[in-house]
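Residues per chain are reported as follows:
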There are 4 protein chains.
Amino acid sequence: MNLEPQLRIDLNSDVGESFGPWKMGADADVMRSITSANVACGFHAGDPGVMRATVRLAREAGVSVGAHPGFPDLPGFGRREMKMSTKDVEDMVLYQIGALAAIALAEGVRLTHVKAHGALYNMAVRDRALADSIARAVKTFDRSLILFALPASELLLAGERAGLQIASEGFADRAYDADGSLAPRSDPGSVIEDPAEVVRRSLKMVQEGRVVARNGTELRFHVDTLCTHGDTPGAGELTRLLLEGLRHEGVSVAPLAAIPS
Amino acid sequence: MNLEPQLRIDLNSDVGESFGPWKMGADADVMRSITSANVACGFHAGDPGVMRATVRLAREAGVSVGAHPGFPDLPGFGRREMKMSTKDVEDMVLYQIGALAAIALAEGVRLTHVKAHGALYNMAVRDRALADSIARAVKTFDRSLILFALPASELLLAGERAGLQIASEGFADRAYDADGSLAPRSDPGSVIEDPAEVVRRSLKMVQEGRVVARNGTELRFHVDTLCTHGDTPGAGELTRLLLEGLRHEGVSVAPLAAIPS
Amino acid sequence: MNLEPQLRIDLNSDVGESFGPWKMGADADVMRSITSANVACGFHAGDPGVMRATVRLAREAGVSVGAHPGFPDLPGFGRREMKMSTKDVEDMVLYQIGALAAIALAEGVRLTHVKAHGALYNMAVRDRALADSIARAVKTFDRSLILFALPASELLLAGERAGLQIASEGFADRAYDADGSLAPRSDPGSVIEDPAEVVRRSLKMVQEGRVVARNGTELRFHVDTLCTHGDTPGAGELTRLLLEGLRHEGVSVAPLAAIPS
Amino acid sequence: MNLEPQLRIDLNSDVGESFGPWKMGADADVMRSITSANVACGFHAGDPGVMRATVRLAREAGVSVGAHPGFPDLPGFGRREMKMSTKDVEDMVLYQIGALAAIALAEGVRLTHVKAHGALYNMAVRDRALADSIARAVKTFDRSLILFALPASELLLAGERAGLQIASEGFADRAYDADGSLAPRSDPGSVIEDPAEVVRRSLKMVQEGRVVARNGTELRFHVDTLCTHGDTPGAGELTRLLLEGLRHEGVSVAPLAAIPS
């Protein structure tokens, strides 16, 4: 891991979060400004038809497609912690990656990465056994998939132990706590909505490898990819401004891997 | 299609139909006597953990593993007709095949075939567009997968149009109507439970390519694979007697394809 | 049933169709202009929290609350036909009515009516046994509940056989076929979006008991309640214009029953 | 609460835990020996048809019927902790009680009690806010319902605060920890299967108000109702032996409340 400033970054966003008749996000807009799309796999959001339409949008926009597996909890959108066994998590993650990979085949697309969603991601940041079960599922399916993970998290370490490629992830629009974890969504101010502030924080992460936590502590970590959220109003505009802000400062915005043919 | 008697047959059964805490079937027993296992994929039965345990059982028994996709209807076990668009069916079948294929990878197993379940199978027997959407999903995922289908059905024709290998399927323990379709499960006598009768019918199908429908009409068709049901009490014993009965008459019981490594 | 023109009408709309994190409709807006709210019960849309918030909105707006039971099919929004047994339909409708009634208690509200949703409604228009099972569930729960039904439908007849109060329902924004059924949603033009046209058709139904079907046939039926759809953009505005249009012509817009205390 | 020995006890069991095509438990057998039936409500087990059949069995056996609400987690059988908001828990419990009460109406049965299931019960033992939300739901629906709760638990205290009648519950076939909580199911020996031991422990609880925890500590508490589990093989026989053992010692086995007409 490299703590030096850098001039290249991947932009990722969670997409494909509609379900049945219900729409969420502005995927077509967001796709214009990101380089990696994390596609929900039907457990916390998404359904086979939504998944296919989302992969098609990504392909048309030249965006890399990854799986975004989550807990089996549609009404809670995968944001509620569930105490699942590590064995169940491993099988469930495999199931979701495989389902998306098959749908992607129909659009001539191969997956490039995996990013756990919501409570599954946050629990795997702290829980080594859970993190290992996610890494194991990814490795079983395709060891060339890149695992997205919070810097210095158990999830990142699990990916390294499994011999996977890791993308260290910064959150452009989320507040951090002093231990490097994300401030809970339920806290006021935990989701940053001011585009200028989002761009400023992103540049600091990319150029300096630094971000200031809520209590003023300065955190240092390297980021390979920046996440912005696609399910908020104005997500398309925010992502566009972030892309422009980064480019204006000479940062190259590019996917982590060449898109496999 | 070949209407001559034959001396080789595959035996298939629907397995992996437990769900969460609920057990169904006698999979370990049934696996000892079949050559192809159709594994439920979580929509009408099965869950990621059940799917994995079932694939492991099949691998240990040297049984070929196929996907058994069904309608998204757990309480109805996929046996209730649903009016889904053909597009939704195609995406849903792809999703389920992909999910099982990923789980199977964890056990070092590759899929060999696909058999639609319950109402999806029965509707595809009659509905050309639906049948085409299933065949399209199979072909997209892996054109070397064998599609199981009722003789002379729209599903069989769809598989041929798609250029897929087809296994013409006979039902050892189900009554037929004069048009070659299966008598509805709700009719008394539609599921044959007497093992001697099951063996007798099976031999007639395999050796002579004939079966007698409920109204006395003699149907003629070639069968590549015979289905017995694994969710009834005594399924293990019935399947064992069928295997013995076939072998006793000199019929070779063998999978349709070599199990891919 | 009275085929004479009338000067009093109930306005109903399907509401509470959000689910988990997904929003649908403009319930708060629509509630300002209707007199009866049909609240989804968690099977095709809605969840316990959405149901409660919707009942509260209705109470605050002085709108009567009814149950809107549907098929167990969230991804298909209850609009896909499912072949369920009449026994299963009866138990499922009872379950949904009871669940909503309990939630409504927490807001001090009692239910006044029941309207089946989507494919369940449309199938019950034609299928006597299905219609009877819905009427039986309503009668079991509370024989003072009003059953909403298409004029001259099996559902209306089933309600009469069960001794229930019936509200004969007209659809302000849907095209009719010559047999009095609604044109399928998949047909272009089946949902009428021009507010002036919606008001014109509604007045004709209320004042003259007449509506012109797609093929030009004039249908005659009495209407007690008019439905507008709450899940389309501009639903709040459309409903407001309809309310004003009716009042401007001297039609009294009022709920079917006094709201029980 | 009375810590003196007593000579009267209610016997309760969780029933109605089948789902769709999957059977669980030996409800008809168990019903012969219990006085209170806790019926699953469709979220962790049960479906409308299973609920109705179970209420009918209870009515025929003269057994009191209560609601057994759980987390929305069929594959995990409601035994996995979920972090739901207290508001969501309240609405979800109301929903489930109401659904069962409506189904029960069709069998002419009124509910007498509520017992939370699995992880919901265990979390409410420790979590005051969660316990209050359950008690609030029960009180809203019908303040004459009896709330079942572990002695000295937050759930029992919440019921008291809400002014509900409480049934202090002992577990005949589960090991206790020294703090009065149940040993986790995942621990070997946590479920007691020897009928003689189950009877012995039950008598000690009923006659002396005492039970010995796993570490040898003697716990003292009053019990109004004893739970045996209906989902284990031999549950019918175990419950019968318990009933006989209690009666042989002169303990009166009777429901907590007269069954409302």
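Reading the values: the criteria
Residues numbered from 1 in each chain as written. Chains lettered and ligands numbered in written order. Predicted model: local features only at pLDDT ≥ 70, side-chain atom pairs only at ≥ 80, totals over all residues. Heavy atoms only, no water. pLDDT = per-residue confidence, 0-100. Contact = heavy atoms within 4.5 Å. Buried < 20%, exposed > 50% of the residue type's maximum accessible area, 1.4 Å probe, protein only. Helix = DSSP H or I, 4+ residues; strand = E, 2+ residues; numbered from the N terminus. Right-handed = clockwise from strand over helix to strand, strands pointing away. Pairing = 2+ DSSP bridges. Phe/Tyr/Trp six-rings, centres within 6.5 Å; stacked < 30°, edge-to-face > 60°. Least-squares fit on C-alpha atoms with pLDDT ≥ 70 in both. Buried area = accessible area lost by both parts, 1.4 Å probe. Salt bridge = Lys/Arg side-chain N within 4 Å of Asp/Glu carboxyl O. Polar contact = N/O pair within 3.5 Å; in protein donor to acceptor, adjacent residues only side chain to side chain. Nonpolar A, V, L, I, M, F, W, Y, C, P; charged D, E, K, R; others polar. Disulfide = S-S within 2.5 Å. 1 Å grid on protein atoms, 1.4 Å probe; cavity = no way out; pocket = protein on both sides within 12 Å on 5 of 7 lines; lining within 4 Å. Points joined across faces, edges and corners; volume = space filled by probe spheres on them. Arc of directions from axis to C-beta. Axes fitted to C-alpha atoms, helices over the stretch in contact; angles between N-to-C directions. Parallel < 35°, antiparallel > 145°, perpendicular 65-115°, else oblique. Left-handed = near helix turned anticlockwise from the far one by under 90°.

1. Re the confidence of the model for chain A
Residue and element names in this part refer to chain A.
Here is step 1 of the chain: Looking at chain A, pLDDT values average 93 and 95% of them are 70 or higher.
Here is step 2 of the chain: Here residues 1–5 is a poorly scored stretch, pLDDT under 50, and it has 11 contacts once near neighbours within four places are set aside; other chains count.
Here is step 3 of the chain: Here the predicted complex scores 0.95 on pTM and 0.94 on ipTM.

2. With respect to the pairing of strand E6 (residues 165–171) of chain C
All names here are of chain C.
Here is step 1 of the chain: The buried count for E6 comes to five of seven residues, which makes it a mostly enclosed element.
Here is step 2 of the chain: Between the parallel elements strand E5 (residues 146–149) and E6, the chain passes through helix H6 (residues 154–161) in a crossover that is right-handed.
Here is step 3 of the chain: Where E6 meets strand E9 (residues 225–228), three bridges bridge the pair, whose relative direction is parallel. Bridge assignment links glutamate 169 to a residue of E9, and that residue is threonine 225.

3. Section: the pairing of strand E6 (residues 165–171) of chain D
Each regular strand shows side chains that alternate between the opposite faces of the sheet.
Here is step 1 of the chain: As defined by bridge partners, strand E5 (residues 146–149) of chain D adjoins E6 of chain D across four bridges and the pair is classed as parallel. The residue of E6 of chain D that forms the bridge with alanine 149 of chain D is serine 168 of chain D.

4. Some thoughts on the packing of aromatic side chains
Here is step 1 of the chain: In the structure shown here, the tally under the stated rule is 26 aromatic pairs over all chains.
Here is step 2 of the chain: Ring geometry for tyrosine 95 of chain C versus tyrosine 95 of chain D: centroids 6.1 Å apart, planes at 65°, classification edge-to-face. Linking tyrosine 95 of chain C in helix H3 (residues 86–105) with tyrosine 95 of chain D in helix H3 (residues 86–105), this pair reaches from one chain into another. One exposure class covers both tyrosine 95 of chain C and tyrosine 95 of chain D, and it is buried.

5. So, the relation of the copies chain A and chain B
Copy one and copy two of the chain differ by a rotation about an axis and a translation along that axis.
Here is step 1 of the chain: Structural alignment of chain A on chain B gives an RMSD of 0.0 Å, achieved by rotating through 180° and translating 0.0 Å along the axis. Overall, the copies show the geometry of a two-fold rotation axis.

6. Things to note about the interface of chain D and chain C
When the parts of a complex come together, some accessible area is lost, and that lost area is often used as the size of the interface.
Here is step 1 of the chain: Contacts between the two partners involve 21 residues from chain D, matched on the other side by 21 residues from chain C.
Here is step 2 of the chain: Of the roughly 1,700 Å² buried between chain D and chain C, counting both surfaces, carbon and sulfur atoms make up 68%.
Here is step 3 of the chain: Linking chain D with chain C are four salt bridges, by the criterion used here.
Here is step 4 of the chain: Arginine 52 of chain C is the salt-bridge partner of glutamate 90 of chain D, the closest N and O atoms lying 3.0 Å from each other.
Here is step 5 of the chain: For the pair chain D and chain C, the number of links is six residue pairs in polar contact (both at pLDDT 80 or more).
Here is step 6 of the chain: Secondary-structure elements contributing two or more residues to the side of chain D that touches chain C are helix H2 (48–61), H3 and helix H5 (128–141) of chain D.
Here is step 7 of the chain: Looking at side-chain class alone, the side of chain D that touches chain C contains 13 nonpolar, four polar and four charged residues.

7. Here's the deal with the relation of the copies chain D and chain C
Here is step 1 of the chain: Each copy of the sequence occupies a distinct position, and chain D is placed on chain C by a rotation of 180° and an axial shift of 0.0 Å, giving an RMSD of 0.0 Å.
Here is step 2 of the chain: Of all interface residues in chain D, 100% are interface residues in chain C too; the two copies therefore contact each other through one and the same surface.

8. Some words on the state of the cysteines
Here is step 1 of the chain: For the structure shown, the criterion picks out zero disulfides over all chains.
Here is step 2 of the chain: Cysteine 227 of chain C forms no disulfide, and the closest cysteine sulfur to it belongs to cysteine 41 of chain C, at a distance of 15 Å.

9. Details of the side chain of glutamine 96 of chain C
Residues and elements named next belong to chain C.
Here is step 1 of the chain: Relative to the helices and strands, glutamine 96 resides in helix H3.
Here is step 2 of the chain: A distance of 2.8 Å separates the side chain of glutamine 96 from the backbone oxygen of glycine 70, its partner in a polar contact.
Here is step 3 of the chain: Excluding its chain neighbours within four sequence positions, the residues that come into contact with glutamine 96 are Cys41, Phe43, His68, Pro69 and Gly70.

10. Considering the layout of surface pockets
Residue and element names in this part refer to chain C.
Here is step 1 of the chain: Here the second largest pocket defines a volume of roughly 950 Å³.
Here is step 2 of the chain: Around the second largest pocket, the lining comprises 28 residues; the ones closest to its centre are Arg79, Asn122, Pro184, Arg185 and Ser186.
Here is step 3 of the chain: For the lining of the second largest pocket, the element with the highest residue contribution is helix H4 (residues 118–126), accounting for six residues.
Here is step 4 of the chain: Broken down by class, the residue content of the lining of the second largest pocket amounts to 10 nonpolar, eight polar and 10 charged.

11. Overview of H6 of chain C
Residue and element names in this part refer to chain C.
Here is step 1 of the chain: Along H6, the positions that sit buried rather than exposed are Leu155, Leu156, Ala158 and Gly159. Summarising the axial view, the buried residues of H6 lie within an arc of 160°, below the 170-degree limit, and thus occupy one face.
Here is step 2 of the chain: At its buried positions, H6 is contacted by H4, helix H5 (128–141), E5 and E6.
Here is step 3 of the chain: Of the residues flanking the end of H6, it is glycine 163, one or two places downstream, whose phi is positive at about 80°.

12. Focus: unusual backbone geometry
For residues other than glycine, phi is negative in most cases, and the peptide bonds are mostly trans.
Here is step 1 of the chain: Despite not being glycine, phenylalanine 77 of chain A shows a phi value in the positive range, around 55°.
Here is step 2 of the chain: Even without glycine at this site, alanine 152 of chain B takes up a positive phi of about 60°.
Here is step 3 of the chain: Judged by relative accessible area, alanine 152 of chain B falls into the exposed class, the value being 65%.

13. Considerations on the pattern of salt bridges
Here is step 1 of the chain: In total, this model carries 108 salt bridges over all chains according to the counting rule given.
Here is step 2 of the chain: Residue lysine 87 of chain C pairs with aspartate 91 of chain C through a salt bridge whose shortest N-O separation is 2.5 Å. In this pair, lysine 87 of chain C and aspartate 91 of chain C are both assigned in helix H3, four residues apart and thus about one turn of the helix distant.
Here is step 3 of the chain: Its salt-bridge partner being aspartate 91 of chain C, residue arginine 52 of chain D comes within 2.8 Å of it at the nearest N-O pair.

14. Some points on the interface of chain A and chain B
Here is step 1 of the chain: If you look at the interface, chain A gives 21 residues, while chain B gives 21 residues.
Here is step 2 of the chain: Between chain A and chain B, the buried area comes to about 1,700 Å², and carbon and sulfur atoms account for 68% of it.
Here is step 3 of the chain: Its largest share of buried area at the contact with chain B, chain A owes to Pro48, Asp91 and Tyr95 of chain A, together 33% of the area lost on that side.
Here is step 4 of the chain: In this structure, the connection of chain A to chain B is made through four salt bridges.
Here is step 5 of the chain: Connecting chain A to chain B are six residue pairs in polar contact (both at pLDDT 80 or more).

15. A few points about the packing of helix H4 (residues 118–126) of chain B against helix H5 (residues 128–141) of chain B
All names here are of chain B.
Here is step 1 of the chain: Two numbers describe how H4 lies on H5: the axes approach to 6 Å, and their chain directions differ by 120°. Overall, the two elements H4 and H5 adopt an arrangement that is oblique. As H4 runs across H5, the sense of the crossing is left-handed. Across the interface between the two elements, Leu120, Met123, Ala124 and Arg126 of H4 pack against Arg128, Leu130, Ala131 and Ile134 of H5.
Here is step 2 of the chain: Among the residues making up the contact of H4 with H5, the classes are represented as six nonpolar, no polar and two charged.

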